[in-house]
Amino acid sequence: MKIFLIVLTFVMIGLLNASPLYGPSVISLEKTWTIEAENDGTHIELDGIFIINGSTHQVVKEIELSEGMKIFYDKDGAIKARYNGTINGKKKILKATAIVEVFYKNGVPPDADSNVDENEIEGQTFTAYTKEMKETAESLAERSSLLNTVRNITEWVHDYITYDIGYFGKNVPAKVVFRDRRGVCVEYSHLFISFAKSLGIKTRYISGYVMSKEWQPHSWVEVFVPKYGWLPIDATFNEAGTLDNSHVMMFYSEDQEGVVDKIISDKTIKFDSTEELKVLSSEASPEKLVDLQHSFNESDYSITVTLHNKKDKFVFVTYEVASPPEFGLVEERLLLLEPDEEKIFRYILDKGKMKDGFVYNIPLRVTVNDYVVKDNLVIVKDGKDTKEDIPGDNAKKFEIPSVCGTVFVMLATLFAVLMVRKNA
């Protein structure tokens, strides 16, 4: 039988171009307010949203302000930039720069996981909910576990809404989002908050920035966990507990309606603000949150992935597994692992997609937050599908080093080319 080699590849452009990191990062944020007036000497009072300090996830290292500006500490560590003065000329440009350290540490102590409160919280303008929305939230709730309830809502909202950039700037109420199932980060956040409030879960809305190919305005949520504090949730990216380190927080509010710079003037003015962010340093996680093992069974073409949380705390992780799409092995999940819990996932490659007489080199990628395991599953398809026909142990674990894997592919490709030429 003639044997030919098929080298399969898959490209994850978005993930590769903006691979998120979950270790510490240092980022600079410069915010500029531009005020134009019709007359010289116009008086203005600016109360501008700027940066958050004092959170367990973000610490401000230094601040620089334009002359005449002052900082004001709002509730929960939110810092505003203020200016009270006149415009000399017809334009005033004010700037505030902050250097922040961002690090979303994971791990929630066991005693912090409490029951879900029975007393619902009334929604606001953008987070009001209907009876049907409350019933849906109830179906996702695990009354004995606040953390599992939060995980369930996060993943449900992430999967339910179709990301649509056409919604940018629309600020759609949660009731409409629930009906239309479309939106951007604001809509994901509003729908999450409405579900959480219907169950009596205390939340707050976060506005800021995130890196996704480039810096863009972003919003996410924090949930209050008794005996722990505020737990970050980003339903847009299906993250919880530990968010990637490009999340820069600027302001807390009930919903998007409260995210505004305020300016008062005695005359007509034009007003605008912009932000510029730069990454000064960024690192991957300093340690693996969970132990990751994987194996491939050559007899039934099954892949087994085992995750083990060896910590004495609850751990949230974003878990992804993927191979070329023709085999249907693509999964993304938000997982919550209890202390010392082990989760096992099993996947079957579709051998019906493979032709007899070929050697398949199938890439596999398993990701837990920013910890990535890559592998090449080598399958000889000869039509018999028995252990004797496929070299190796029944549950051989493929961990082919990159150099050896490359040499194997090169030699197998050369062999295939020679076979083709010989039979031409």
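In what follows, the accompanying structure is described. From a predicted model like this one, the values you see are computed outputs, not experimental measurements.

Conventions used here
Residues numbered from 1 in each chain as written. Predicted model: local features only at pLDDT ≥ 70, side-chain atom pairs only at ≥ 80, totals over all residues. Heavy atoms only, no water. Helix = DSSP H or I, 4+ residues; strand = E, 2+ residues; numbered from the N terminus. Buried < 20%, exposed > 50% of the residue type's maximum accessible area, 1.4 Å probe, protein only. Contact = heavy atoms within 4.5 Å. Areas by Shrake-Rupley, 256 points an atom, 1.4 Å probe, with all protein chains shown as cover. Phe/Tyr/Trp six-rings, centres within 6.5 Å; stacked < 30°, edge-to-face > 60°. Lys NZ or Arg CZ within 6 Å of the ring centre and 35° of its normal. Pairing = 2+ DSSP bridges. Core = buried A, V, L, I, M, F, W, Y, C linked by side-chain atoms within 4.5 Å. Salt bridge = Lys/Arg side-chain N within 4 Å of Asp/Glu carboxyl O. Axes fitted to C-alpha atoms, helices over the stretch in contact; angles between N-to-C directions. Left-handed = near helix turned anticlockwise from the far one by under 90°. Nonpolar A, V, L, I, M, F, W, Y, C, P; charged D, E, K, R; others polar.

A closer look at the overall build of the chain
Link 1 in the chain: Of regular secondary structure, the chain possesses 6 helices and 23 strands.
Link 2 in the chain: For the chain, the proportion of its 424 residues judged to be buried stands at 49%.
Link 3 in the chain: Partitioning the contacts of the chain with sequence separation of at least 6, the portion at a separation of at least 24 is 73%.
Link 4 in the chain: By element, 51% of the accessible surface of the chain is carried by carbon and sulfur atoms, the whole surface being about 20,200 Å².

Quick look at unusual backbone geometry
Link 1 in the chain: The phi angle at R181 is positive, at roughly 60°, despite the residue not being glycine.
Link 2 in the chain: In this structure, R181 sits in the loop between helix 4 (174–180) and strand 9 (182–183).
Link 3 in the chain: Among the residues examined, R181 registers a relative accessible area of 40% and is labelled partly exposed.
Link 4 in the chain: Here K227, not a glycine, exhibits a phi torsion of approximately 65°, which is positive.
Link 5 in the chain: Topologically, K227 is positioned in the loop between strand 11 (214–225) and strand 12 (229–234).

Thoughts on the environment of P232
Link 1 in the chain: Of note, P232 is situated in strand 12.
Link 2 in the chain: Spatially, the C-alpha atom of P232 lies 7.2 Å from that of T242, the residues being 10 residues apart in sequence.
Link 3 in the chain: For P232, the contacting residues outside a window of four places in its chain are H57, Y104, V221, E222, A240, G241 and L243.

Concerning the packing of aromatic side chains
Link 1 in the chain: Throughout the structure, instances matching the rule amount to 9 aromatic pairs.
Link 2 in the chain: Judged by centre distance (5.8 Å) and plane angle (25°), the rings of Y160 and F178 are stacked. Taken together, the residues Y160 in helix 3 (residues 146–160) and F178 in helix 4 connect sequence positions 18 residues apart. F178 shares its class with Y160; the two are buried.
Link 3 in the chain: Counting every residue linked through ring pairs, the aromatic cluster contains W156, Y160, F178 and F195.
Link 4 in the chain: Above the face of the F72 ring, R82 is positioned so that its terminal group lies 3.7 Å from the ring centre.
Link 5 in the chain: Its end group placed over the ring of F224, K202 keeps NZ or CZ at 5.5 Å from the ring centre.

Re the pairing of strand 7 (residues 91–102)
Link 1 in the chain: Examined bridge by bridge, strand 2 (residues 25–37) and strand 7 share 12 bridges and lie antiparallel to one another. When the bridges of strand 7 are listed, V26 appears paired with E101.
Link 2 in the chain: Strand direction decides the pairing type here: strand 4 (residues 58–65) and strand 7, joined by 7 bridges, are antiparallel. Pairing of Q58 across the sheet is with V102, part of strand 7.

Topic: the nonpolar core
Link 1 in the chain: Counting residues in each nonpolar core, the largest one holds 79 residues, and the members touching the most others are I51 and L191.
Link 2 in the chain: Examining the composition of this core, we find that 8 residues originate from one element, helix 5 (residues 185–198), more than from any other.
Link 3 in the chain: Aside from chain neighbours lying at most four places away, what touches I51 is L29, Q58, V60, G77, A78, I79, A98, V100, V248, M249 and M250.
Link 4 in the chain: Counting residues in hydrophobic clusters, the runner-up holds 28 residues, among them L307, L337, Y360 and I362.

Some thoughts on the pattern of salt bridges
Any two side chains of opposite charge can pair, on the condition that their charged atoms come close.
Link 1 in the chain: Tallying each qualifying case throughout the model produces 20 salt bridges.
Link 2 in the chain: With a closest N to O distance of 3.7 Å, K80 and D74 form a salt bridge.
Link 3 in the chain: With a relative accessible area of 9%, K80 lands in the buried category.
Link 4 in the chain: On the basis of relative accessibility, which here comes to 26%, the residue D74 falls in the partly exposed class.
Link 5 in the chain: Between E138 and R143 there is a salt bridge, with its nearest N and O atoms 2.9 Å apart.
Link 6 in the chain: According to the relative accessible area criterion, E138 is partly exposed, its value standing at 31%.
Link 7 in the chain: Shared partners join several salt bridges into a network, and the residues in it are D47, D74, K80 and R82.

A word on the pairing of strand 5 (residues 69–73)
Link 1 in the chain: Both strand 5 and strand 6 (residues 78–87) contribute to a ladder of 5 bridges, which runs antiparallel. Residue I71 lies in a different strand from strand 6, and its bridge partner there is A81.
Link 2 in the chain: The antiparallel hairpin formed by strand 5 and strand 6 contains 4 residues in its connecting segment, where D76 sits at a positive phi of about 60°.

Some details on the packing of helix 3 against helix 5
Link 1 in the chain: Axis separation between helix 3 and helix 5 bottoms out at 10 Å; the angle between their running directions is 140°. Two packed elements cross with a definite hand, and for helix 3 against helix 5 that hand is right-handed. Counting all contacts with helix 3, which are made through V150, I153, T154, W156, V157, H158 and Y160, the residues of helix 5 involved are Y188, L191, F192, F195 and A196.
Link 2 in the chain: For the contact of helix 3 with helix 5, the per-class residue count stands at 10 nonpolar, 2 polar and no charged.

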